[in-house]
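Structure assessment
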Amino acid sequence: MNGASTNPDAHVFACAAAQVKKGLEVTKRLGGENFVFWGGREGYHTLLNSDVRRELDHVAAFFRMVIAYKEKIGFTGQLLIEPKPKEPSKHQYDYDAQTVVSFLKTYGLEDHFKLNIEPNHTTLAGHCYEHDIVMSSAYGMLGSIDSNTGSPDLGWDTDQFPMDIKNCTMVMKTVLEQKGLAPGGLNFDCKVRRESSDLKDMFIAHIGAMDSFARGLRNAAKLVSEKHLSSLVSTRYSSFDSGLGAKVEQGVATLEDCEDYVRENGEPALISGQQEHCEAILNHYV
């Protein structure tokens with residue numbers, strides 16, 4: 001009720017740890033290649049009775065135990081954390097991809113975990129469908145994808161089958177750019193709608209969603225190979241390829257360097273972000 005590794009009761013913490021121990025053993029015996037942690041109750045309902053720093057320290061201690069036992073039994077699968085901002089808790093500590101990556105780096109766990117992203121959770125956090133996939137991939141932390149979608153106008157997790165071709169294209173674009181997902185993949189943690197009561201609806205849902213990602217993959221492959229969008233992005237950041245910009249990226253620029261640059265070059269020009277152009281390019285491939 002009050003979380004597992006974040007529970008204020010050490011007895012509950014121990015029960016959760018024992019269950020994970022057994023889960024790791026079974027996963028190894030079955031030849032599993034991934035092990036996902038979904039912290040649905042690792043958060044709080046009110047700050048009045050919560051020691052947030054202590055709880056997060058406990059989560060880190062829990063994960064260190066997991067790493068130690070994983071290595072002890074010789075389980076070589078990938079450990080994954082699945083972010084979700086809320087529901088059932090009011091606030092969950094694994095709010096989104098950036099939050100989880102920051103947590104892992106803060107506690108020195110980043111070499112042992114990657115992220116399993118469910119885009120339905122991403123939209124619950126107020127982001128666009130592909131946001132967490134892009135963010136985790138940018139830091140080399142995208143390990144697998146629960147390929148769900150939902151209704152962005154609702155405040156809860158509806159676990160619908162992904163049928164939006166544009167969303168699927170953007171997801172597969174990221175997967176291609178990071179050279180695949182292995183040993184992770186696309187997992188349909190979904191269910192048909194309550195009103196979809198025919199047996200064939202289950203087949204149509206799975207086939208339709210997989211077809212959507214297949215079409216998205218074809219779209220993304222062409223989008224990436226023809227480089228119209230990537231070249232526009234490269235041009236947008238080209239001022240960091242040389243001069244002061246390059247020094248900034250190399251970590252050798254100073255505030256004095258920036259001041260001298262502005263004195264010499266005056267006010268910066270207004271440069272268009274060309275958002276509509278980018279959207280039109282994407283539409284061309286979808």
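Whatever comes next refers back to the structure up there.
Residues numbered from 1 in each chain as written. Predicted model: local features only at pLDDT ≥ 70, side-chain atom pairs only at ≥ 80, totals over all residues. Heavy atoms only, no water.

Along the protein chain, the regular secondary structure elements total 11 helices and seven strands. When the accessible area of the protein chain is evaluated, it comes to approximately 16,800 Å², of which 54% is carbon and sulfur surface. (Helix = DSSP H or I, 4+ residues; strand = E, 2+ residues; numbered from the N terminus. Areas by Shrake-Rupley, 256 points an atom, 1.4 Å probe, with all protein chains shown as cover.)

To continue, consider the sheet that holds strand E3 (residues 78-82). Spatially, the five strands line up as an open sheet ordered E1-E3-E5-E6-E7, and their pairing is parallel. A single partner strand is all that each edge strand has here, and the edge strands are strand E1 (34-38) and strand E7 (186-187). In terms of strand pairing, E1 meets E3 through five bridges, oriented parallel. Across the sheet, Val 36 pairs through a bridge with Leu 80, a residue of E3. Packing against the sheet, helix H2 (residues 52-73) makes contact with E1, E3 and strand E5 (113-117), and its axis sits at approximately 155° to E3. (Pairing = 2+ DSSP bridges. Contact = heavy atoms within 4.5 Å. Axes fitted to C-alpha atoms, helices over the stretch in contact; angles between N-to-C directions.)

Considering only enclosed or pocket space, the largest pocket measures out at about 800 Å³ in volume. Forming the boundary of the largest pocket are 25 residues, of which Met 170, Lys 173, Leu 229, Val 233 and Cys 278 lie nearest the centre. Counting residues per element, the ones that place at least two in the lining of the largest pocket are helix H5 (131-138), helix H6 (165-177), helix H7 (199-226), helix H8 (228-236) and helix H11 (275-285). Residues belonging to the lining of the largest pocket are distributed by class as follows: 11 nonpolar, eight polar and six charged. Space inside the second largest pocket adds up to approximately 520 Å³. If you go around the second largest pocket, you meet 22 residues; those closest to its centre are Ser 239, Tyr 261, Pro 268, Ala 269 and Ile 271. (1 Å grid on protein atoms, 1.4 Å probe; cavity = no way out; pocket = protein on both sides within 12 Å on 5 of 7 lines; lining within 4 Å. Points joined across faces, edges and corners; volume = space filled by probe spheres on them. Nonpolar A, V, L, I, M, F, W, Y, C, P; charged D, E, K, R; others polar.)

All right, on to the pattern of salt bridges then. Per the stated rule, a full pass over the model turns up nine salt bridges. Across the pair Glu 87 and Lys 84 runs a salt bridge whose closest N-O atoms are separated by 3.5 Å. With a relative accessible area of 28%, Glu 87 lands in the partly exposed category. The partner of Asp 157 in a salt bridge is Lys 84, and the shortest N-O contact between them spans 3.4 Å. Note that Asp 157 is positioned in the loop between strand E6 (142-146) and H6 and Lys 84 in the loop between E3 and strand E4 (91-92), a separation of 73 residues in sequence. (Salt bridge = Lys/Arg side-chain N within 4 Å of Asp/Glu carboxyl O. Buried < 20%, exposed > 50% of the residue type's maximum accessible area, 1.4 Å probe, protein only.)

A separate point is the packing of H6 against H7. At their nearest, the axes of H6 and H7 sit 7 Å apart, and the two run at 60° to each other. On the basis of their axis angle, the class for H6 and H7 is oblique. As for how H6 packs across H7, the hand of that crossing is right-handed. In this structure, H6 contributes Ile 165, Cys 168, Thr 169, Val 171, Met 172, Lys 173, Leu 176 and Glu 177 to the contact, and H7 contributes Ser 212, Phe 213, Arg 215, Gly 216, Leu 217, Asn 219, Ala 220, Ala 221, Leu 223 and Val 224. When grouped by side-chain class, the residues that make up the contact of H6 with H7 number 11 nonpolar, four polar and three charged. (Parallel < 35°, antiparallel > 145°, perpendicular 65-115°, else oblique. Left-handed = near helix turned anticlockwise from the far one by under 90°.)

The next point concerns the pairing of E6. Where burial is concerned, most of E6 is hidden: five out of the five residues are buried. Relative to E6, E5 runs parallel, the two being bridged by three bridges. Bridge assignment links Leu 115 to a residue of E6, and that residue is Leu 142. The sheet contact formed by E6 and E7 spans two bridges and is parallel. Residue pairing across strands places Ile 145 opposite Leu 186, the latter belonging to E7.

The subject of this paragraph is helix H3 (residues 97-106). Considered for burial, the residues of H3 that qualify are Ala 97, Val 100, Val 101, Phe 103 and Leu 104. Here the buried residues of H3 occupy an arc of 160° about the axis, which is enough to place them on one side. Residues of H3 that are buried sit in contact with H2, E3, E5 and H5. Just downstream of H3 lies Gly 108, where phi reads positive at about 70°. (Arc of directions from axis to C-beta.)

Taken as a whole and judged by the stated rule, the model has 11 aromatic pairs. Taking the centre distance of 6.1 Å and the plane angle of 70° together, the rings of Phe 62 and Phe 63 count as edge-to-face. Judged by centre distance (5.9 Å) and plane angle (65°), the ring pair of Phe 161 and Phe 188 falls under edge-to-face. Here Phe 161 is found in the loop between E6 and H6, whereas its partner Phe 188 is found in the loop between E7 and H7, with 27 residues between them in sequence. (Phe/Tyr/Trp six-rings, centres within 6.5 Å; stacked < 30°, edge-to-face > 60°.)

Here the focus is the side chain of Asn 116. Structurally, Asn 116 can be placed in strand E5. If we skip the residues at most four places from it in the chain, Asn 116 touches Val 36, Leu 80, Ile 81, Glu 82, Pro 83, Ser 144, Ile 145 and Asp 146.

Relative to the helices and strands, Gln 92 resides in strand E4. Under the relative-accessibility criterion, Gln 92 is labelled buried at 0%. Along the backbone, Gln 92 and Gln 178 are 86 residues apart, and their C-alpha atoms lie at a distance of 28 Å. Of note is the side chain of Gln 92, whose polar atom sits 3.1 Å from the backbone oxygen of Lys 84. (Polar contact = N/O pair within 3.5 Å; in protein donor to acceptor, adjacent residues only side chain to side chain.)

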